[in-house]
Amino acid sequence: ISSTVPQKTAEKLNLDMDRRWFYYELLATHYYACEKESPGVIAETVLPLCSRLWSLEHFPAIFALLLHRWLVETPSGITHKGWVMHFNVFFKGTYQLFWFDVEHETHKLWPLFIRLRDHMFAGTSRFFASPNPLRGRANISFSELSFIGSRNGSFSSIEDTVAAAAAAAHSFTGSTYSSHSAGALENIRKDFACVLCRFYYYYSTRPERVGNFCINQLQLEEGLDAFVPQLVRMLRALRNENILRRYLRCSAQLPIESLSISSTNKLYATLNELQLPGAPLHPTAKITEQAEATMNQLFPQGRWTRSAINFFFRLLRPLYLPGSIFAFFTTFFQRTPPRQPHRKSM
């Protein structure tokens, strides 16, 4: 269902031919249209079947592909019975799908990323609940039920999490929003904002507009200080050399002056580990080179001191010293542009 729709089929369906279409977009639109025609039909016919498939390993991803429009764009998505549980499964499926895209260097889930950004974080979105002073005592934190974790971390079993979410969501049912539902909506929005921040540099074609993305689109109160922790987690979790180098190139365009001291220190420490060979991250030579270039652009102060310290530690490994010196001069002359000959005016 994540494969591309053939061009002839797209023409018959009168789809926009300026981009590729995927089958999961058509299926999600079908379920969305069914809900529009007959409100409540998805909760009555599809969700009972889904409840029997929670234990399947890849079901959260399938659930996210098929029902993301119904969950995000229809009122029934956050009013049906057990909606917190379904958003929990949707969250895990979205996270799995984006990581699948990154590991295979594809952009099949780009439409899902854009749809979440535009519909879940729009100013008129129902996910922006009004603040409630009682929420701090009464709400259930969606973050405690979410699946945000490290790349290689072990997730809780889907059965245990669904059971916990079902018990927690018992007080969330109904068509009117209470302080409980307001708190849940806010936590759902924050957790999805973290996911979009993690994969922003992968799907975005304008990495220099990260500030606008965090403040104006996601409407994060912390701004870039909420973006940097997710960036640091991605830099430590990525194992694909091409994607990691792309993240490092994009990170060089961060407005470092608008970050807090804590965020700056986290980013500095991560870049410092990536430009050093060996433990704990064991980066390749190309990654260390790109990390050093990003470090020099973001933190120009102390550039030569860092280079001198790194060269000193290379002296402690005489076996690798000749190759290290050769690589240093090679990259140095590649970066130095050739001088243009001076032409005398006639």
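To be clear, the structure that these remarks concern was listed above.
This is a predicted model, so every value here is computed, not measured.

## Remarks on the overall build of the chain
Part 1 of the reasoning: Counting its regular elements, the chain contains 19 helices and zero strands.
Part 2 of the reasoning: Of all 346 residues assigned to the chain, the portion counted as buried reaches 44%.
Part 3 of the reasoning: Of all intrachain contacts in the chain linking residues separated by at least 6 positions in sequence, the fraction that spans at least 24 positions is 68%.
Part 4 of the reasoning: On the chain, roughly 19000 Å² of surface is accessible, and the fraction owed to carbon and sulfur atoms is 56%.

## As for the environment of Glu 241
Part 1 of the reasoning: Examined against the element boundaries, Glu 241 turns out to sit in helix H15 (residues 241-251).
Part 2 of the reasoning: Linking Glu 241 and Lys 286, residues 45 residues apart in sequence, is a C-alpha distance of 8.1 Å.
Part 3 of the reasoning: With residues up to four places along the chain from it excluded, the contact list for Glu 241 reads Thr 284, Lys 286 and Ile 287.
Part 4 of the reasoning: Here Thr 284 takes part through its side chain, which lies 2.8 Å from a polar atom of the side chain of Glu 241.

## Details of the nonpolar core
Part 1 of the reasoning: Core analysis: the biggest nonpolar cluster contains 81 residues, and Phe 63, Phe 87, Phe 98, Phe 199, Phe 227 and Tyr 247 have the highest contact counts within it.
Part 2 of the reasoning: Looking at which element gives the most residues to this core, the answer is helix H6 (residues 83-104), with 12 residues.
Part 3 of the reasoning: Once residues lying within four places of it in the same chain are set aside, the contact partners of Phe 98 are Leu 109, Leu 112, Phe 113, Leu 116, Val 195, Leu 196, Phe 199 and Tyr 203.

## A closer look at the packing of aromatic side chains
Part 1 of the reasoning: Inspection of the entire model under this criterion finds 22 aromatic pairs.
Part 2 of the reasoning: A ring pair is formed by Phe 59 and Phe 63, whose centres lie 6.0 Å apart and whose planes are at 45°; its orientation type is tilted. One end of the pair is Phe 59 and the other is Phe 63, both in helix H5 (residues 59-73) and four residues apart, which spans about a single turn. With respect to class, Phe 59 is no different from Phe 63; both count as buried.
Part 3 of the reasoning: Note on Phe 98 and Phe 113: the rings are 6.0 Å apart at their centroids and 65° apart in plane angle, and the pair reads as edge-to-face. Here Phe 98, found in helix H6, pairs with Phe 113, found in helix H7 (residues 110-120); they are 15 residues apart in sequence, far enough to count as distant.
Part 4 of the reasoning: On the basis of relative accessible area, Phe 98 is assigned to the buried category, the value being 0%.
Part 5 of the reasoning: Each member of the aromatic cluster is reached from another via a ring pair, and the members are Tyr 95, Phe 98, Trp 99, Phe 113, Phe 199, Tyr 200, Tyr 201, Tyr 202, Tyr 203, Phe 213, Phe 227 and Tyr 247.

## Quick notes on the pattern of salt bridges
Part 1 of the reasoning: All told, the structure shown has seven salt bridges when counted by the stated rule.
Part 2 of the reasoning: Between Arg 236 and Glu 273 there is a salt bridge, and its shortest N-O distance comes to 2.7 Å. Taken together, the positions of Arg 236 in helix H14 (residues 224-237) and Glu 273 in helix H16 (residues 261-274) put the pair 37 residues apart, joining distant regions of the chain.
Part 3 of the reasoning: Taking the relative accessible area as the measure of exposure, Arg 236 reaches 30% and is therefore partly exposed.
Part 4 of the reasoning: Residue Glu 273 is classed as partly exposed on the basis of its relative accessible area of 22%.
Part 5 of the reasoning: Through salt bridges with shared partners, one network takes in Arg 69, Glu 73 and Arg 115.

## Topic: the packing of H14 against H16
Part 1 of the reasoning: Running from N to C, H14 and H16 point in directions that differ by 15°, and their axes come no closer than 9 Å. Between H14 and H16, the crossing angle belongs to the class labelled roughly parallel. Crossing handedness for the pair H14 and H16: left-handed. Here H14 contributes Asp 225, Val 228, Pro 229, Leu 231, Val 232, Leu 235 and Arg 236 to the contact with H16, which in turn contributes Ser 263, Lys 266, Leu 267, Thr 270, Glu 273 and Leu 274.
Part 2 of the reasoning: A breakdown of the residues in the contact of H14 with H16 according to their chemical character gives seven nonpolar, two polar and four charged.

Rules and cut-offs
Residues numbered from 1 in each chain as written. Predicted model: local features only at pLDDT ≥ 70, side-chain atom pairs only at ≥ 80, totals over all residues. Heavy atoms only, no water. Helix = DSSP H or I, 4+ residues; strand = E, 2+ residues; numbered from the N terminus. Buried < 20%, exposed > 50% of the residue type's maximum accessible area, 1.4 Å probe, protein only. Contact = heavy atoms within 4.5 Å. Areas by Shrake-Rupley, 256 points an atom, 1.4 Å probe, with all protein chains shown as cover. Polar contact = N/O pair within 3.5 Å; in protein donor to acceptor, adjacent residues only side chain to side chain. Core = buried A, V, L, I, M, F, W, Y, C linked by side-chain atoms within 4.5 Å. Phe/Tyr/Trp six-rings, centres within 6.5 Å; stacked < 30°, edge-to-face > 60°. Salt bridge = Lys/Arg side-chain N within 4 Å of Asp/Glu carboxyl O. Axes fitted to C-alpha atoms, helices over the stretch in contact; angles between N-to-C directions. Parallel < 35°, antiparallel > 145°, perpendicular 65-115°, else oblique. Left-handed = near helix turned anticlockwise from the far one by under 90°. Nonpolar A, V, L, I, M, F, W, Y, C, P; charged D, E, K, R; others polar.

Worth remembering: the numbers are spatial, not functional.
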